[in-house]
Amino acid sequence: MHPSAALVLAASLLLGPPAAVAQEEGPAACHAAYQSGATYGAGALVSAAKTIEVTSQVDCTFGEDDPDCPAATCDDCATDEDGNPTTCVGCTKMVTEDVGVACNYECFSDVWCSNDGYAPPGVNAVNPAFSVYAWTELDCPCDDSETATPPTLPAPPAWDSGGCPAEFSSAAEYGAGDAVSVCSADPSQPWCLVYRCKSATPAPGKFCDMDGYEPGSSLYWEQAWTLEGSCSGTLGPTSAPSFDPANNAGGCPGAFDDEASYGAGDSVSVGNAVFECRDGAYAAACGQPGYEPLNEDHADAWPLAWEYQGRCEGTIAPTSSPNYEALEDVGGCPGAWEEGDYAEGDRVSANGVVYACKGWPMGAHCGQSGHAPLADDAAPDAWTIAWTVVGHCSGTVGPSASPTFDALVADIAGCPAEYSNEKDDYEGGEQVTLTVSADPERKLVYECKAYPYVGYCNQHGPFAPGEQYASMAWTRLGACTGTLAPTASPTPYGGTCLYDRCRTVETTEACEVNLDDPNNANCPKASCDCAPATEEAPETCTGCRRTFDEEQCVESPVDNWTQFTAPADLYQAGDYVRVGTTKYYCVDGNAVNCNSPSHQPEDASGLWLYYGIWAADGECPAAGGGGERRLRGRK
């Protein structure tokens, strides 16, 4: 989506709908023509060619050469001995012609208006019927001799930090709390919008630099970004810290290392300047690219993570060893760290110090190489992300496998199927087995989490059971032995589930015109064959017809969801599908998404449920279970 389109959407969100624009008498001026391949968002105004039917009265010649020229419309006719007209003058007939005009349209969908398959009908070569899901017809016809000036929207409320942060770039990396701007190239909208990468999500900042989550212009941007308000101008460059010689921080700590991990309270030096990693949400960003102290390319980002402490000289004396006597004596030492799977509270020891694995999300690092307590000389503090010191120890404790399987539920009746990287349709609640040790054999049971986490179960890699981000997708239930009995086959569908599939169709029928109200839509005079009034008889009209919309319903089976392309087959609000024997109906207002494969009922992404696209509504009868019929599709 073009930034200006997102700005129009955001302005409508923050300010409400724009005021109606007064129209002068006569056709409204046409807006700029729709362009294939251009980007449009809610509120965008365009014009496009359209073919319409125009009915008009024209002169005609009565006779065999023009059988559609009725004698009743003629001024005067000569007749034969039987009274049949032979020649007539002053005859007219009604003619309907296709006429090309230009019409104005307004976009109401950020998602579909830039898709040529949803273009206004006159320029839609893919599927003209889909245009109603993206565009509203405003003025038809419009005056294409003039170009309309689009209404200027006032700027949304300003955000609280003055000028605009750096403009969003799809090539940049973003994390929780980062602010970006999205600006309009339209001179009628001389302002930008500010978005901030969300931090209160299952995976803070994870989506902000991913395709499909671009702020204000993508289908899922609201899952990653928060609209902060509008801005103008630019933020002044963040000034370098004031290196007051009087503010002496003593000896210099280690230089900042872009490959190291840092946490709250850690100090580094850049030249002779000392910086301390801030406490709070941004502490996790201290070691991330873009947050390096004095980073000129991200001058507004690094102060969020680091705080200037002062000048330094020389080096800091080596840190003394921990004072073990000051720690709690926890008795015998648990086993040494080894790469594997640890849970919150699991303990290991190193050099007489006992460490406990932290809870989620940092505890996911406990079993990773590089986070073992006191084991990595290249990043000696990396372990602090995952482990907490709980005391000192001496001697040994009884053998205890690490992790402590006995602390888990150990009586799971049989092990489910082994986890597989090849399987891509895991569902919420589905259980798998992970073999963590072959000799002795130890197996753990994991359960795929429900929406919104279920999508991670099928991403594998770091989200697989036992891996770095497993806790985002899976819940560890406990240890298991043996195997599960085969799962019973799903209940078969009985084939007798029906509903009334209703559609609005255009219907034409005969009507009787009221000549005192010739433009009445219930029976317009233009649809009739009319004979003008004479001295002997008043005007008469015959063959009048009216056109109206009528709802027609057809009894139809509740079938599995299908990807349709023909407009007549597309799902509409109230239509039913089934998954197995469970029935789902398309929720009113979501007909476009009901036809999207990624929104079909029980899809692993969970989008159908999150956005309320389909709703469950009972069960179809199983095989041998008798028939059932819904009287109407549900709206």
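Reading the values: the criteria
- Residues numbered from 1 in each chain as written.
- Predicted model: local features only at pLDDT ≥ 70, side-chain atom pairs only at ≥ 80, totals over all residues.
- Heavy atoms only, no water.
- Helix = DSSP H or I, 4+ residues; strand = E, 2+ residues; numbered from the N terminus.
- Contact = heavy atoms within 4.5 Å.
- Areas by Shrake-Rupley, 256 points an atom, 1.4 Å probe, with all protein chains shown as cover.
- Core = buried A, V, L, I, M, F, W, Y, C linked by side-chain atoms within 4.5 Å.
- Buried < 20%, exposed > 50% of the residue type's maximum accessible area, 1.4 Å probe, protein only.
- Patch = residues over 30% accessible without salt bridge, like charges linked within 9 Å, V, L, I, M, F, W, Y side chains within 5 Å.
- Salt bridge = Lys/Arg side-chain N within 4 Å of Asp/Glu carboxyl O.
- Lys, Arg positive; Asp, Glu negative; His and termini not counted.
- Charge placed at Lys NZ, Arg CZ, Asp CG, Glu CD.
- Disulfide = S-S within 2.5 Å.
- Pairing = 2+ DSSP bridges.
- Axes fitted to C-alpha atoms, helices over the stretch in contact; angles between N-to-C directions.
- Polar contact = N/O pair within 3.5 Å; in protein donor to acceptor, adjacent residues only side chain to side chain.
- pLDDT = per-residue confidence, 0-100.

1. Let's talk about the overall build of the chain
Here's step 1: Scanning the chain for helices and strands turns up six helices and 28 strands.
Here's step 2: For the chain, long-range pairs separated by at least 24 residues make up 65% of all intrachain contacts whose partners lie at least 6 apart in sequence.
Here's step 3: Total accessible area computed for the chain in this model is approximately 34200 Å², and 49% of it derives from carbon and sulfur atoms.

2. Some remarks on the nonpolar core
Here's step 1: Ranked by size, the top nonpolar core spans 31 residues in total, and within it Tyr195, Trp225 and Trp474 carry the most contacts.
Here's step 2: Those residues within four positions of Trp225 in sequence are excluded, and the remaining contacts are Phe168, Tyr174, Asp178, Val180, Tyr195, Arg196, Cys197, Lys198, Cys208, Tyr213, Glu214 and Pro215.
Here's step 3: Listed in part, the 18 residues of the second largest apolar core include Val46, Cys113, Ala134 and Trp135.

3. Let's talk about a negative patch on the surface
Here's step 1: On the surface, a cluster of negative charge is contributed by Glu53, Glu97, Asp98, Glu506 and Asp549.
Here's step 2: On the secondary structure map, Glu53 appears in strand β2 (residues 45-60).
Here's step 3: Using a relative accessible area of 64% as the deciding quantity, one classes Glu53 as exposed.

4. As for the state of the cysteines
Here's step 1: Taken as a whole and assessed by the stated rule, the structure comprises 18 disulfides.
Here's step 2: With its sulfur 1.8 Å from that of its partner, Cys74 forms a disulfide with Cys91. Taking the sign of the torsion about the S-S bond as the criterion, the disulfide between Cys74 and Cys91, at about 105°, is right-handed. Within this pair, whereas Cys74 is found in the loop between β2 and β3 (76-79), its partner Cys91 is found in strand β5 (residues 91-107), the two being separated by 17 residues in sequence.
Here's step 3: The exposure class assigned to Cys74 is buried, which follows from its relative accessible area of 9%.

5. Regarding the sheet that holds strand β9 (residues 192-197)
Here's step 1: Spatially, β8-β9-β10 is the arrangement adopted by the three strands of the open sheet, whose pairing is antiparallel. Strand pairing shows two members of the sheet lacking a second neighbour, β8 (179-183) and β10 (225-231), which therefore form its edges. Along the sheet, successive strands turn relative to each other by an average axial angle of 30°, direction set aside.
Here's step 2: Sheet topology places β9 next to β10; six bridges connect them, and they run antiparallel. Each bridged residue has a counterpart across the sheet, and for Cys192 the counterpart in β10 is Cys231.

6. Considerations on the sheet that holds β2
Hydrogen bonds between backbone atoms are what pair the strands of a sheet, whose relative direction is either parallel or antiparallel.
Here's step 1: Here we have three strands laid out as an open sheet, ordered β2-β5-β6, and antiparallel in their pairing. One side of each edge strand has no neighbouring strand; the edge strands of this open sheet are β2 and β6 (135-137). Here the strands of the sheet are splayed against their neighbours by 25° on average, with no regard to which way each runs.
Here's step 2: Two elements, β2 and β5, share 16 bridges in a ladder whose sense is antiparallel.

7. Points about the environment of Asp178
Here's step 1: The topology assignment puts Asp178 in the loop between β7 (143-147) and β8.
Here's step 2: The sequence separation of Asp178 and Ala166 amounts to 12 residues, and the corresponding C-alpha distance is 9.9 Å.
Here's step 3: A polar contact is formed between the side chain of Asp178 and the backbone nitrogen of Gly175, at a distance of 2.8 Å.

8. Quick look at unusual backbone geometry
Here's step 1: The step from Cys140 to Pro141 runs through a cis peptide bond, and the omega angle for that step is 5°.
Here's step 2: Take Pro141: it is sitting in the loop between β6 and β7.
Here's step 3: Its identity as a non-glycine residue notwithstanding, His460 has a phi of 55°, on the positive side.
Here's step 4: Following the sequence through the fold, His460 ends up in the loop between β19 (441-448) and α4 (470-473).

9. Digging into the environment of Gly229
Here's step 1: Note on placement: Gly229 falls in strand β10.
Here's step 2: C-alpha of Gly229 to C-alpha of Pro156: the two residues are 73 residues apart in sequence and 6.2 Å apart in space.
Here's step 3: Beyond its immediate sequence surroundings of up to four residues, Gly229 is in contact with Pro157, Trp159, Cys192, Leu193 and Val194.

10. Brief notes about the side chain of Thr507
Here's step 1: Positionally, Thr507 belongs in strand β21 (residues 497-510).
Here's step 2: Among the polar contacts listed, one links the side chain of Thr507 to the side chain of Glu550, at a separation of 3.4 Å.
Here's step 3: Dropping the residues within four chain positions of it, Thr507 is found in contact with Arg546, Thr547, Phe548, Glu550 and Gln552.

11. Quick word on the pattern of salt bridges
Here's step 1: Tallied over the entire structure, the rule returns eight salt bridges.
Here's step 2: Put simply, Asp66 and Lys93 hold a salt bridge, and the shortest N to O gap is 3.2 Å. Highlighted residues: Asp66 in the loop between β2 and β3 and Lys93 in strand β5, separated in sequence by 27 residues. Of the two residues, Asp66 and Lys93, both sit in the buried class.
Here's step 3: A single salt-bridge network, built from bridges that share partners, covers Lys423, Asp425 and Glu430.

12. A few points about the confidence of the model for the chain
Here's step 1: On average, the chain scores 75 in pLDDT, and the residues at 70 or more come to 76%.
Here's step 2: Low confidence marks residues 1-24, where pLDDT is under 50. Its contacts with residues over four positions away, or in another chain, come to 54 contacts.
Here's step 3: Throughout residues 317-325 the model reports pLDDT below 50, and contacts reaching past four residues in sequence, or to other chains, amount to three contacts.

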